[in-house]
Structures are given as C-alpha cells and as structure tokens.
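Fold and geometry: a report
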Amino acid sequence: MNQTLLVELQTEELPPKALVKLGAAFAAGIANGLKARDFLDADSVVTPYATPRRLAVSITRVRATSPDKRIREKVLPVSVALDKDGNPSAPLAKKLASLGFPDLTIADLERAQDGKAESFFYTYTAAGSALAGGLQDVLSETVAKLPIPKLMSYQRPDGATVQFVRPVHMLLALFGEQVLPLSLLGLDAGRQTMGHRFLSHGRSIAVKHADNYAAILENEGKVIAGAQARKESIRAQLLEKAGADQVLMPESLLDEVAALVEWPVVYECHFEEVFLSVPQECLILTMQTNQKYFALTDSRGKLRSRFLIVSNIATDDPQHIVGGNERVVRPRLSDAKFFFEQDKKKTLESRLPQLANVVYHNKLGTQLDRTERVTQLASAIAARLGYDVALAERGARLAKTDLLTDMVGEFPELQGIMGTYYARHDGEPDEVALAASEHYQPRFAGDMLPSTNTGLVVALADKLETLVGIWAIGLQPTGEKDPFALRRHALGVMRMLVEKRLALGIADLLADAAGVFAGQAAFKDPRIEVGAFMLDRLRGMLRERGFTPNEVEAVLAQNPDRVDDVVQRLEAVQAFAALPESASLAAANKRITNILKKTDVAIGTVSQDLLQEEAERTLAAAIERVRPQVDAAFAGGDFAGTLKTLAQLRDDVDAFFNDVMVMAEDQALRNNRLALLSSLHGMMNRVADISKLAA
C-alpha cells in the first residue's frame with residue numbers, strides 16, 4: 001500500500017548559510033534515489049524540511065515494495081557461447097552461473113541479432129524489493145553526497161568516530177506509522193524527534209504518523225519545520241511591526257535569519273538618535289552584516305532609530321531580549337561613528353599618494369598606477385563626448401581613494417558610497433563626488449547606470465582599463481572562471497553605450513584604453529579579442545531583451561563599431577520581418593551575398609548601356625527610384641522606414657532572378673550585373689544584414 005515516507009536527521013545547530021542548500025540536497029537525494037528504484041508514484045509530492053537542528057523530507061505515495069520487472073539480459077555472443085561443433089561452451093556455463101542461472105540450457109535462451117552479430121539473451125522477472133532495503137542504500141548515498149562546507153569529526157556514544165556537518169543525535173524514519181529498520185552514522189531509526197531547544201523544554205516528541213510531522217513539531221515542539229514557512233512568518237511579522245515605516249529586508253538576510261531560528265518572533269529595539277549623524281548606509285550595513293538586524297526607514301527613505309530583531313524565543317516580557325540586543329548594537333554603531341569622524345579629518349586628495357602602497361596586480365602596478373591610467377582614459381572619453389574634461393579627470397583621480405579609509409577597511413561593501421560622502425565633505429563638485437560611487441555601476445545585472453556625465457565617463461574608463469589590462473596579461477575568462485569579472489565589465493560598457501546612446505566607436509575606446517598602457521612591460525595588445533568579447537556580451541544582452549538570435553545576428557553580423565542605435569535597428573528589423581515581402585527579400589539578399597562572395601573581380605559601377613534584359617532594366621530603375629527615399633530615411637535615423645521602402649523592390653528582385661542569368665558568359669555583361677547586385681546589396685544592408693533573417 002502506498003503511504004507517506006518521513007526521514008529526519010536531528011542534529012546540533014547546522015551552519016546557517018548552508019542550511020537551505022543542505023535541506024534541498026537531502027530531500028532531492030532521497031526522492032531521486034527512490035524514484036530511480038521505482039518506489040514513487042508519478043504524483044508523489046516531495047516536501048523538504050530544514051531547521052537549525054534538523055534535515056528532513058516527507059514524500060507522499062511511496063510504495064512499500066517496488067514493482068516486479070521484466071528484464072531482458074544479454075548473456076554472450078553466439079560465437080562465444082557455442083563451440084565449433086555448436087555445443088554450449090565452458091564460457092557460457094560460467095556466465096550463466098555468474099548471473100545466477102546455472103540450470104539454464106540453450107533452449108531457454110533467445111537467439112537474436114545484436115548489431116552485426118548474434119547473441120543469446122535471457123528474459124526473466126525480477127521480484128520487487130522492500131522499501132527499507134532500497135531506502136537504506138539511498139540514505140547512505142545521499143548523506144555521502146551532501147554539499148557539506150566542512151566535515152566535523154565526532155565520537156558516537158559507543159566510542160566510534162564518525163563525520164558529518166554537525167553531530168547527529170537521532171534518526172527518524174517512518175512509513176505511515178511504521179518505523180523502518182534503518183541505520184546511519186551509528187544510529188538506529190525510531191519515531192522520536194526533538195522540539196525547540198527551550199520552548200519545548202528539551203523533551204523528545206513521538207511522531208505517530210508520517211503525515212503529522214510538521215503539525216506535531218509546530219504544536220508540540222514549537223518548531224516551524226519548513227525553511228520557506230519560517231521565512232514567510234518572519235517577513236509577515238517584520239511588516240506588521242514596521243507599521244508605517246519601511247523595513248529593509250534583503251532576501252539573503254531573510255534566508256540567513258530563517259536558518260538561525262526554529263520559532264521566529266520579532267521584537268522592536270532602539271538606538272540613540274546621535275548615531276543618525278553617521279551615513280545611514282554604514283549603520284544599515286553594520287546592523288545587517290554583524291547583528292542580522294532589520295533596519296527601518298521612513299517613507300522618504302531616511303533611517304529610523306528603531307530597528308527589528310528576530311529572536312528564537314517567544315516571551316510575554318521581552319525586556320531582557322530587547323535590552324541585550326540594544327546593548328550589543330551600541331558598540332557597533334559607536335565604531336561606525338568613530339571611523340566616520342576619523343576619516344573626515346583627512347581629505348581624499350591627501351590619501352592619493354598612499355595608493356602607491358596598494359598593489360593592483362604585479363604585472364600592472366599599484367592602485368596609483370591604475371588611477372593614473374583611468375584618469376588619462378577618462379579624459380580622452382570625456383573629450384570625445386564633449387563633456388567637462390576637468391571634472392572627468394578629477395572624478396577618476398579620487399574614485400579609489402576611499403579604499404584607504406577606516407570605514408571601507410571595516411566594511412569593503414561601502415567602497416564608492418563612502419567616497420561620495422567624503423568628497424562632498426571635502427567640498428568637491430557634486431559630479432566628482434557622485435563619480436566615486438557611480439563609477440562602479442552597473443555592478444550587477446539590472447543595476448542602475450551612472451546618472452551624471454562624469455560618473456558615466458569614469459565608469460567607462462574604469463571598466464575599459466580593467467578589460468584591456470587584465471586581458472593583455474593573459475587573464476581573460478576561461479570556461480566558468482572569471483576572477484576579474486571581465487564579463488560583467490564588458491556587459492556594463494555595452495549597456496552604457498546602448499542605453500545612454502553614446503556616439504562612441506568601440507575601436508576608438510579600445511585604442512584609447514590600449515594607449516594608456518604605453519610602455520607597460522608584458523602588455524600584449526588585445527583589442528581585437530576584447531572587441532569580439534564585448535560584442536558577444538551584447539548579443540546575449542539583446543537576446544535577453546526578447547530579440548531573436550536571427551534578428552540580433554542581422555544587426556551584429558557586420559561587427560558594427562557604433563552600437564548606440566543597435567536597439568533602434570533591431571526594432572526596425574522586427575518591423576521589417578513582419579512585412580509580407582520580408583521573406584522573399586531576405587532570401588534574395590542571402591543569394592546576392594553568396595554570389596558576391598564568389599566573385600574575385602573588382603566590381604565597378606552599373607552601365608545603363610549594358611542592361612539588356614527587361615528585368616534588369618526594371619530593377620536598375622527601381623533601385624534609382626527608391627534610393628533617395630532610402631538615403632533620406634537612413635540619414636534621419638528612420639531605420640524602419642528605410643527597410644519598409646526597400647520592401648517595394650520585392651517583385652522587381654524576384655523577376656530579376658527569374659529572368660536574368662547573372663553569371664553570363666560575356667564578361668562585360670556579367671560584371672555589370674554583379675555591379676547592379678552589389679549596388680542593391682549595399683542599399684539593403686545599411687540597417688542590417690537582412691539575409692540573416694533567412695537563416
């Protein structure tokens with residue numbers, strides 16, 4: 001009969017950052033192992049559980065015995081199974097014995113084609129196996145493969161040493177209400193588990209039926225067994241306690257806190273208003289990182305002096321819990337205030353020479369060397385865009401100086417953010433101050449782009465210097481490894497060029513970037529490789545935005561140097577592809593491309609005197625008729641209009657290929673027809689290579 005299966009390991013406190021992954025792997029390992037052994041129904045439901053002191057899984061509709069199976073097993077090739085006289089050979093007898101069928105004869109075997117030869121086969125019914133035996137193997141295999149960050153060795157009560165992520169105290173294994181005879185890590189399975197360490201007074205709890213596990217733990221043990229359920233309970237309590245304020249609850253912090261408690265309860269705490277003079281990013285980070293607290297802001301995003309904590313204890317009088325947490329956070333906030341006040345005593349500019357003491361890379365020099373390169377590159381980019389060169393140089397020169405501050409030394413996550421605060425304190429122009437934080441943007445997929453011209457220029461310079469410099473010393477990405485985040489830097493550059501519509505050529509940017517490494521030892525110019533790498537990142541970005549591979553390739557196949565209008569070109573290609581004429585013209589363009597590729601003579605201009613066939617004269621006239629419209633639309637950036645105008649040529653192009661022999665024997669006629677096709681090809685591919693739409 002099918003019933004619910006429950007397996008639980010009750011442990012000492014598990015590492016919180018690994019808990020969700022361990023719980024998922026434990027459940028998946030057991031479910032997949034049982035499925036492979038045919039113990040599960042198609043509609044079996046797998047529910048993982050993970051708390052600080054347990055890993056568990058519940059699976060519905062599990063079979064007590066796996067079904068019998070018909071097995072067709074190859075015995076031996078006929079040439080080996082029979083001797084030269086056609087009698088059973090000694091190897092056949094040995095093979096049948098090893099398979100457990102010593103009494104079988106040739107008459108019992110099936111002789112069938114096996115590839116190019118014949119073999120003997122035996123078909124039999126294998127009886128199903130009991131759940132306990134299959135589960136024992138699955139459990140051992142699953143535990144051996146868990147993604148354990150670091151194994152711990154500990155002694156069992158019998159004195160033997162075993163290894164697991166944390167000591168295991170109980171093994172629970174129920175099939176319905178039946179205890180399965182399993183063992184693991186020196187423990188025999190039972191029906192007992194442990195509730196909350198404090199709220200259940202340390203009592204063990206008997207689980208009578210596998211279906212009642214989560215409810216029994218919650219009602220009798222004060223444990224919410226599901227990690228997601230605990231997380232959502234915390235979220236709801238935080239929102240309720242926050243009231244009109246906004247609670248800062250990043251998912252990573254919710255996950256970690258949910259892995260620290262079995263019965264989450266949210267309490268409100270406060271700190272002194274004097275700490276609000278410190279940049280709120282510092283206070284928020286120290287509360288989240290060091291204490292796992294949840295900060296609150298008002299409707300304008302300004303930090304409040306109250307914060308929320310998640311406790312593992314429910315009590316009617318939380319005074320001691322609240323007071324203890326307020327005492328703990330005070331020194332952390334005091335440290336942040338001290339660092340901030342100390343840092344303000346020195347200007348960012350005065351810290352600049354100290355960057356010479358910070359090694360960037362042994363082949364590329366110090367952070368000061370890098371700062372000078374980024375400054376030079378930012379100046380060149382600003383000049384190309386017509387931006388304020390002086391602001392760009394100043395922003396680039398000061399961008400990394402906050403790395404030397406006490407605050408960033410304590411909280412590296414604040415680099416850039418603190419630079420903006422300190423630059424403003426020093427009286428720097430606001431664009432220079434913002435460049436300290438904005439030059440890191442975009443830091444991840446979907447992140448904002450710099451909002452100022454100076455921030456934009458310094459961000460481009462910083463990323464291009466990294467791309468070219470790191471690539472030049474042979475540390476380009478390989479496979480999944482990208483320690484210098486060159487993929488992210490390349491994508492960031494392409495996003496800025498595209499989304500900010502920057503009139504910058506990729507070749508010019510890479511030439512400027514390579515130029516700042518002049519005289520650098522071991523520098524090998526990587527511009528060609530980096531340019532191709534950047535376009536590949538752009539391909540991926542455009543596909544993620546919903547453009548098809550063919551559409552993207554139509555625009556990028558010719559390796560454009562400017563990409564500021566790439567989205568507009570793609571939208572025009574999409575509109576063109578929807579026209580009834582598009583398929584015919586795309587196919588014709590592909591045919592023209594192939595013809596021109598095979599031509600090894602110089603292609604000149606079209607001679608009207610050599611247009612003999614009616615179809616070629618008509619096409620030539622049509623090309624000249626639409627050319628002014630195409631030129632005007634293209635010059636005005638109306639790419640959709642450009643392609644739509646070209647659609648008028650479909651019938652004339654089709655007629656040309658139906659009626660005209662391009663590769664005529666007469667050399668003059670052939671060259672003139674090639675010139676006509678070349679003229680058409682150039683006009684058709686100004687927006688995109690529409691032949692790619694026919695791929």
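See the structure printed just above.
All figures in this text were calculated on a predicted structure; none of them were measured in a lab.

This brings us to the overall build of the protein. Secondary structure summary: the protein contains 26 helices and 20 strands in total. Along the three orthogonal principal directions, the C-alpha set of the protein runs to about 100 × 100 × 50 Å. Across the 695 residues of the protein, 49% fall into the buried class. Across the protein, the fraction of contacts at a sequence separation of at least 24, relative to all contacts at a separation of at least 6, is 68%. For the protein, the accessible area works out to roughly 32,400 Å², and carbon and sulfur atoms hold 51% of it. For the protein, the centre of its 80 positive side-chain charges and the centre of its 89 negative side-chain charges are spaced 3 Å apart.

Bringing the packing of aromatic side chains into the picture now. Between two aromatic rings, the relevant description is the distance of the centres plus the angle of the planes. Tallied over the full model, the rule gives 13 aromatic pairs. Centroid distance F340 to Y422: 5.8 Å. Interplanar angle 25°. Geometry classified as stacked. In this pair, F340 sits in helix α9 (residues 319-343) while Y422 sits in helix α14 (residues 417-425), placing the two residues 82 residues apart along the sequence. The class for F340 is buried, based on a relative accessible area of 8%.

Moving on to the pattern of salt bridges. By the definition in use, this model includes 50 salt bridges. Put simply, R54 and E8 hold a salt bridge, and the shortest N to O gap is 3.0 Å. Here R54, found in strand β3 (residues 54-62), pairs with E8, found in strand β1 (residues 3-11); they are 46 residues apart in sequence, far enough to count as distant. Considered together, R54 and E8 belong to a single accessibility category, that of buried residues. The partner of E141 in a salt bridge is R37, with the nearest N and O atoms 3.1 Å apart. Placement of E141 in helix α4 (residues 131-144) and of R37 in the loop between α1 (16-36) and β2 (46-51) is noted, with a sequence separation of 104 residues between them. Classification of R37 by relative accessible area gives partly exposed; the value is 27%. Look at the salt bridges and you will find they share partners, linking D38, D41, D43, R61 and R63 into a network.

What follows covers helix α26 (residues 667-684). Since there are 3.6 residues in each turn of an α-helix, residues three or four apart along the chain are aligned in direction. With 18 residues, α26 extends 25 Å from end C-alpha to end C-alpha; this agrees with the ideal 26 Å at 1.5 Å per step. Along α26, the positions that sit buried rather than exposed are L669, N672, R673, L674, A675, L676, L677, L680, H681, M683 and M684. Where α26 is buried, its residues meet α22 (582-597), α23 (614-635), α24 (639-646) and α25 (650-659). Near the N-terminus of α26, the side chain that reaches the backbone nitrogen of A668, with its oxygen 2.9 Å away, is that of D666.

Let's shift gears to the pairing of strand β9 (residues 168-175). The buried count for β9 comes to 6 of 8 residues, which makes it a mostly enclosed element. Bridge analysis of β1 against β9 gives 7 bridges, and the strand direction is antiparallel. Bridge pairing in β9 places E8 opposite L172. Inspection of the sheet shows β9 paired to strand β10 (residues 178-179) by 2 bridges, in the antiparallel sense. Residue F175 lies in a different strand from β10, and its bridge partner there is Q178. In this structure, the hairpin formed by β9 and β10 is closed by a connection of 2 residues, where G176 is found at a positive phi of approximately 65°.

Let us look at the environment of Y154. By secondary structure assignment, the location of Y154 is in strand β7 (residues 152-155). Considering only alpha carbons, one finds Y154 and P52, 102 residues apart in sequence, at a separation of 18 Å. Setting aside anything within four residues of it in sequence, one finds Y154 in contact with A160, T161, V162, F164, R166, P167, V168 and L185. A polar contact is formed between the side chain of Y154 and the backbone nitrogen of V168, at a distance of 3.2 Å.

As a packed pair, helix α12 (residues 389-398) and helix α16 (residues 453-472) sit with axes 9 Å apart at the nearest point and diverge in direction by 60°. Taken together, α12 and α16 sit at an angle that is classed as oblique. Relative to α16, the crossing made by α12 is right-handed. In this structure, α12 uses L391, A392, G395 and A396 to contact α16, whose residues at the interface are T454, V457 and V458.

The next subject is the side chain of R235. Summarising the element assignment, R235 is placed in helix α6 (residues 227-242). A polar contact of 3.0 Å, which involves the side chain of R235, links it to the side chain of E251. Filtering out sequence-adjacent residues up to four positions away, R235 remains in contact with M249, E251 and L254.

Overall, antiparallel pairing links the 3 strands, which are arranged β4-β6-β5 in an open sheet. Here the strands that pair on one side only, and so sit at the sheet edges, are β4 (69-77) and β5 (110-114). Averaged over all pairs of adjacent strands, the angle between their axes in this sheet comes to 40°, without regard to strand direction. Strand direction decides the pairing type here: β4 and strand β6 (residues 117-126), joined by 8 bridges, are antiparallel. Bridged to E73 within β6 is Y122.

A separate point is unusual backbone geometry. Leaving glycine aside, a negative phi is the common case for residues, and trans is the common case for peptide bonds. Note that the residue after Q441, namely P442, is joined by a cis bond; omega there is -10°. If you trace the backbone, P442 turns up in the loop between α15 (430-438) and α16. Positive phi values are uncommon outside glycine, yet K222 reaches one of about 55°. Within the secondary structure, K222 is located in the loop between α5 (213-221) and α6. The phi angle at K292 is positive, at roughly 60°, despite the residue not being glycine. Residue K292 is classed as partly exposed on the basis of its relative accessible area of 22%.

Packing of helix α18 (residues 506-515) against helix α19 (residues 527-544) brings their axes to within 10 Å, and their N-to-C directions diverge by 135°. Considering the angle they form, α18 stands oblique to α19. Once α18 is placed against α19, the crossing between them reads as right-handed. Taking contact as the criterion, the partners of I506, L510, A511 and A514 in α18 are, on α19, R527, V530, G531, M534 and L535.

A few words now on the side chain of S44. Position of S44 relative to the elements: it lies in the loop between α1 and β2. Looking at S44, its side chain comes within polar contact range of the main-chain nitrogen of D41, at 2.9 Å. At 2.9 Å, the side chain of S44 and the backbone oxygen of T60 are in polar contact.

Here we come to the sheet that holds β1. By way of backbone hydrogen bonds, the strands of a sheet pair with one another, either parallel or antiparallel. The strand order across the open sheet formed by 5 strands is β2-β3-β1-β9-β10, and the pairing between neighbours is antiparallel. What marks the edges here is a single partner per strand, and that holds for β2 and β10. In the packing of α1 onto the sheet, contacts are made with β1, β2 and β3, and the angle to β3 comes to roughly 30°.

Bringing the nonpolar core into the picture now. Counting residues in hydrophobic clusters, the biggest one holds 93 residues, and the most contacted among them are M534 and L542. In terms of residues, this core owes the most to one element, α16, which gives 12 residues. Core analysis: the next-biggest nonpolar cluster, separate from the first, contains 41 residues, I30, L55, V143 and L182 among them.

Rules behind the numbers
- Residues numbered from 1 in each chain as written.
- Predicted model: local features only at pLDDT ≥ 70, side-chain atom pairs only at ≥ 80, totals over all residues.
- Heavy atoms only, no water.
- Helix = DSSP H or I, 4+ residues; strand = E, 2+ residues; numbered from the N terminus.
- Buried < 20%, exposed > 50% of the residue type's maximum accessible area, 1.4 Å probe, protein only.
- Contact = heavy atoms within 4.5 Å.
- Areas by Shrake-Rupley, 256 points an atom, 1.4 Å probe, with all protein chains shown as cover.
- Lys, Arg positive; Asp, Glu negative; His and termini not counted.
- Charge placed at Lys NZ, Arg CZ, Asp CG, Glu CD.
- Phe/Tyr/Trp six-rings, centres within 6.5 Å; stacked < 30°, edge-to-face > 60°.
- Salt bridge = Lys/Arg side-chain N within 4 Å of Asp/Glu carboxyl O.
- Expected span 1.5 Å × (residues − 1).
- Polar contact = N/O pair within 3.5 Å; in protein donor to acceptor, adjacent residues only side chain to side chain.
- Pairing = 2+ DSSP bridges.
- Axes fitted to C-alpha atoms, helices over the stretch in contact; angles between N-to-C directions.
- Parallel < 35°, antiparallel > 145°, perpendicular 65-115°, else oblique.
- Left-handed = near helix turned anticlockwise from the far one by under 90°.
- Core = buried A, V, L, I, M, F, W, Y, C linked by side-chain atoms within 4.5 Å.

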